Amino acid sequence: MKRTPSIRLIKNGLMTLLMVAATLAVLAPLGIIFVHILKMGASSISLDFFTQIPKPTGETGGGMANGLAGSTIMIAMSSLIGLPVGILGAVYLTEYGHNRFADAIRFSADVLAGVPSIITGMVAYTLLVVPMKGFSALAGAVALALIMIPIVLRTTEEQLKLVPGTLREASLALGVPLWRTTLQVTLASARTGIITGILLAIARIAGETAPLLFTALGNQFWSRKLTEPMAAIPLQIFNFAIAPYEDWHKLAWAGALVLVVIMFSLSLAARYFGRQKRYS
Amino acid sequence: MEITKTMTSAMDRETAAAKTAFISGNKAWGDRLFRWLTLGFSASILLILLIMAFEMIKESLPAIRKFGWGFTIGKDWDPVQEQFGALPFLYGSVVSSILAILMATPLSVGTALFITDIAPKKLGGAVSSLVELLAAIPSVIYGLWGVLVMAPWLQKTVQPFLIDHFGFIPLFQGAPYGVSMLAAIFILMIMIVPIITSITKEVLTAVPTAQKEAAYALGATRWEMLRVALLPYARSGILGAVILGLGRAIGETMAVTMVIGNTPQIALSLLAPGYTMPSVIANEFAETTSKLHASVLMEIGLILLVVTLIINIMARLLIWSVTRGNSGRSA
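Residues numbered from 1 in each chain as written. Chains lettered and ligands numbered in written order. Predicted model: local features only at pLDDT ≥ 70, side-chain atom pairs only at ≥ 80, totals over all residues. Heavy atoms only, no water.

Engineer: I tried to follow the overall build of chain B on my own but got confused; where do I start?
Structural biologist: Of regular secondary structure, chain B possesses 11 helices and two strands. Ordering the α and β elements of chain B from the N terminus gives α-α-β-β-α-α-α-α-α-α-α-α-α. Across the 331 residues that make up chain B, the buried fraction comes to 51%. Counted over contacts in chain B with a minimum sequence separation of 6, partners at least 24 positions apart contribute 74%. Counting every atom, chain B has about 15,400 Å² of accessible surface; 68% of that belongs to carbon and sulfur. (Helix = DSSP H or I, 4+ residues; strand = E, 2+ residues; numbered from the N terminus. Buried < 20%, exposed > 50% of the residue type's maximum accessible area, 1.4 Å probe, protein only. Contact = heavy atoms within 4.5 Å. Areas by Shrake-Rupley, 256 points an atom, 1.4 Å probe, with all protein chains shown as cover.)

Okay, here's the thing in structure tokens:
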């Protein structure tokens, strides 16, 4: 059969070319951003970044040590609040929740995950900052926990669903109560998958800025109490980027580099745990 | 099959637990406690959502009572004079998100098709994980790049070019500011492309292979296969991905706040600065001049919440219609 390059084949080639072009157009700006963060970040970062607090305007140098500490503290606090709620909530959904109520919970979790993060900040403000009469690290942690909970809940639920029912039944048949079966068999066998979800949730809240704007507020100095305003890396990047000082811009780039490195390490770790073999 | 199996095993488990409770009452209190504990944590999600809605409505009531619907069509914004019109923010949010979506959609769908059907498997996988990794970059970093790199570039290169060559169109008139509606549109486009791409990719992989093979068997070229077999099947799912991207764009705060110029005005030109709903909240909520000012910002937040909820629910339903329970649909 003789084949001439018909209009159909030309069209096919053209559309393929267009799709390749679209991919390049998507990757190009993202690549440029990445290169800028690496280049500007690497040239601005120094040991001071990790040991110093920001210097007042006009003085060179300084770092974001208080922001690093603040971010770590607030992430730890929001994990303390968010992880039990997310994980045990997911246990209810998979182990007991075959009813309308559980569907409502799933739906609410999806809805909550879609709420813009600035709104969670406003709600934490009215619930905590106003009654406590001041911005605080505690309010920031609660705002972050509100973002964390639906992510952890849904990923944990997915993982628990993968645990074979026979595993649970084997344990129950040995006379182990349901609650111990759930803790020591079901949750334990879904461990790696749940850790993946937790790491991704932490990566997500580590970069959140909007919910902290009117909860933790930020702090140029060290905070001594959890009821005081507290610095955080994303807040500092924001404040320094929009300020008109060259030195602060440098600090912002260094902060961006550190944040990106932290997030990529977290998602690499998540991938590692996600690839572990299960239930074979 | 799988589902019914897990369902029955779950029911068995429950009855087993109930029987244990009946036989040895003192042993089952642990189970009962555990059940109520997990139920409590689970229910707290619903509670959070209700409290959220309640607080937002309660706090915006003073503003709603004072201004009514006129609030949304007022153009003047001056917190010190207690003049509050939300139209510039509504306008800025709608224009920046819609234009960003219009630019992002073809790029995202093209990239998703490249990943699933054109690239060799390894290359496709690499592009896909690159896109996913970049979707995780926090918005404040996009904003940092936007305000320190992109905005100056727009001001020096792109905007003068647009003014010189397309200045006769009202969209491209005025002075080159750098920080502008155009900058917000660009940064939003860059940020939502990874989201739309990864969901579209998932929807496309959910299309049954038989669908594609049937098109090939009829002698279709690859593009014809994509156009006739793949895209129509995935259409509602792709629409869902786009709407989800729209929700993300409307709620996006930091990056937009850093590049849009934060000027409450309605300017036809894309080169002029603007303002969006989340940006005005981000800039003014921590330092409100009066109770009414705070309440007005709460009302803007409430509008934002309602809009994003509607958008998200719509998007979820559309995506589910393709990725779940697609076996029953006409193939």
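Engineer: I keep staring at the overall build of chain A and nothing clicks. Help me out?
Structural biologist: When its secondary structure is counted, chain A shows 11 helices and zero strands. When the helices and strands of chain A are listed from N to C terminus, the series reads α-α-α-α-α-α-α-α-α-α-α. Computed over its C-alpha atoms, the radius of gyration of chain A comes to 24 Å, more than 25% above the 19 Å expected for a compact globule of 280 residues. Each principal axis of the C-alpha atoms in chain A carries an extent, and together these give about 75 × 70 × 35 Å. The proportion of buried residues among the 280 residues of chain A is 55%. Counted over contacts in chain A with a minimum sequence separation of 6, partners at least 24 positions apart contribute 75%. Roughly 12,500 Å² of accessible area belongs to chain A as shown, and the carbon and sulfur atoms make up 67% of that amount. With 22 positive and 12 negative side-chain charges, chain A shows a separation of 11 Å between the mean positions of the two kinds. (Rg over C-alpha atoms; globule rule 2.2 N^0.38 Å. Lys, Arg positive; Asp, Glu negative; His and termini not counted. Charge placed at Lys NZ, Arg CZ, Asp CG, Glu CD.)

Engineer: Which parts of the structure should I look at to understand empty space enclosed by the protein?
Structural biologist: Rolled over the atoms, a probe as big as a water molecule pinpoints where empty space is left. Residues and elements named next belong to chain A. Counted according to the given criterion, the structure contains four cavities of 30 Å³ or more. Counted as a void, the largest cavity has a volume near 50 Å³. Of all the secondary-structure elements, those providing two or more residues to the lining of the largest cavity are α3 (65–96) and α9 (191–206). Ranked by residue count, the leading element in the lining of the largest cavity is α3, at three residues. The class makeup of the residues in the lining of the largest cavity is eight nonpolar, one polar and one charged. (1 Å grid on protein atoms, 1.4 Å probe; cavity = no way out; pocket = protein on both sides within 12 Å on 5 of 7 lines; lining within 4 Å. Points joined across faces, edges and corners; volume = space filled by probe spheres on them. Nonpolar A, V, L, I, M, F, W, Y, C, P; charged D, E, K, R; others polar.)

Engineer: Even after reading the chapter, I still don't get the nonpolar core, so can you show me in this structure?
Structural biologist: A general feature of soluble globular proteins is that nonpolar side chains tend to end up buried together. Formed by 185 residues in total, the largest nonpolar core has its most connected members in Phe214(A), Tyr142(B) and Ile300(B). Ranked by the residues each element gives to this core, the list is headed by helix α6 (residues 181–205) of chain B, at 18 residues. Excluding residues within four positions of it along the chain, Ile300(B) makes contact with Phe71(B), Trp77(B), Phe89(B), Met277(B), Val280(B) and Ile281(B). (Core = buried A, V, L, I, M, F, W, Y, C linked by side-chain atoms within 4.5 Å.)

Engineer: Looking at this structure, how should I read the interface of chain A and chain B?
Structural biologist: How big an interface is tends to be stated in terms of the accessible area lost upon association of its parts. Across the boundary between the two partners, chain A contributes 85 residues, which contact 81 residues of chain B. Interface area, chain A with chain B, both sides summed: about 7,500 Å², of which 80% is carbon and sulfur. Three residues stand out in chain A for area buried against chain B, namely Met19(A), Tyr96(A) and Met122(A), and they jointly supply 9% of the buried area on that side. Counting the contacts that link chain A with chain B gives one salt bridge. Our enumeration of links across chain A and chain B arrives at nine residue pairs in polar contact (both at pLDDT 80 or more). It is helix α1 (residues 7–44) of chain A that provides the largest number of residues to the side of chain A that touches chain B, a total of 18 residues. (Buried area = accessible area lost by both parts, 1.4 Å probe. Salt bridge = Lys/Arg side-chain N within 4 Å of Asp/Glu carboxyl O. Polar contact = N/O pair within 3.5 Å; in protein donor to acceptor, adjacent residues only side chain to side chain.)

Engineer: Honestly, a nonpolar patch on the surface in this entry has me stumped. Any pointers?
Structural biologist: The grouping of Leu127(A), Leu47(B) and Ile51(B) at the surface amounts to a nonpolar patch, some 250 Å² of accessible area in total. You can see Leu127(A) is positioned in helix α5 (residues 117–132). A residue is classified by how much of its surface remains accessible, and Leu127(A), at 39% relative accessible area, is partly exposed. (Patch = residues over 30% accessible without salt bridge, like charges linked within 9 Å, V, L, I, M, F, W, Y side chains within 5 Å.)

Engineer: Help me understand the side chain of Asp110(A), please; the structure alone is not making it clear to me.
Structural biologist: With respect to the helices, strands and loops of the structure, Asp110(A) is situated in helix α4 (residues 100–114). In this structure Asp110(A) comes out as buried when scored by relative accessible area, which is 13%. Setting aside its immediate chain neighbours within four residues, Asp110(A) contacts Arg154(A), Arg316(B) and Trp320(B).

Engineer: What exactly am I supposed to notice about the pattern of salt bridges here?
Structural biologist: A side chain with one charge can pair with a side chain of the opposite charge if their charged atoms come near. Scanning the entire structure with this criterion turns up 11 salt bridges over all chains. With its nearest N and O atoms 3.7 Å apart, the salt bridge here joins Lys58(B) to Glu55(B). Taken together, the positions of Lys58(B) and Glu55(B), both in helix α2 (residues 29–67) and three residues apart, correspond to about one turn of that helix. Residue Glu55(B) is classed as buried on the basis of its relative accessible area of 9%. Salt bridges linked by common partners bring Asp103(A), Arg106(A), Asp110(A), Arg154(A) and Glu157(A) together as one network.

Engineer: Would you take a moment to explain the side chain of Asp31(B) for this structure?
Structural biologist: If you trace the backbone, Asp31(B) turns up in helix α2. Of the side chains with opposite charge, Arg32(B) lies nearest to the buried Asp31(B), which makes no salt bridge, at 8.4 Å. Setting aside residues no more than four positions away along its own chain, Asp31(B) makes contact with Tyr96(A), Pro177(A), Leu178(A) and Trp179(A).

Engineer: So what exactly am I meant to see when it comes to the environment of Leu268(A) here?
Structural biologist: Positionally, Leu268(A) belongs in helix α11 (residues 246–275). Overall, Leu268(A) belongs to the exposed group, its relative accessible area being 57%.

Engineer: Looking at this structure, I do not really get the packing of α3(A) against helix α8 (residues 178–189) of chain A. What am I missing?
Structural biologist: Each pair of packed helices gets described by two things: the angle between the helix axes and the distance between those axes. Residue and element names in this part refer to chain A. The contact between α3 and α8 brings their axes to 12 Å, and the two run at 110°. Between α3 and α8, the angle is such that the two are roughly perpendicular. Every residue of α8 that contacts α3 at Ile87, Val91, Glu95 and Tyr96 is listed here: Leu178, Thr182, Thr186 and Leu187. Among the residues making up the contact of α3 with α8, the classes are represented as five nonpolar, two polar and one charged. (Axes fitted to C-alpha atoms, helices over the stretch in contact; angles between N-to-C directions. Parallel < 35°, antiparallel > 145°, perpendicular 65-115°, else oblique.)

Engineer: Which parts of the structure should I look at to understand helix α8 (residues 222–251) of chain B?
Structural biologist: Residues and elements named next belong to chain B. Across its 30 residues, α8 extends only 38 Å between first and last C-alpha, which sits more than 12% below the 44 Å expected from 1.5 Å per residue. At Arg235, α8 is deflected by roughly 60°, the largest bend along its length. With respect to burial, α8 is a largely interior element, 21 of its 30 residues being buried. (Expected span 1.5 Å × (residues − 1). Bend = angle between axes of the 7 residues up to and from the residue.)

Interpretation in functional terms is not warranted from these geometric data alone.
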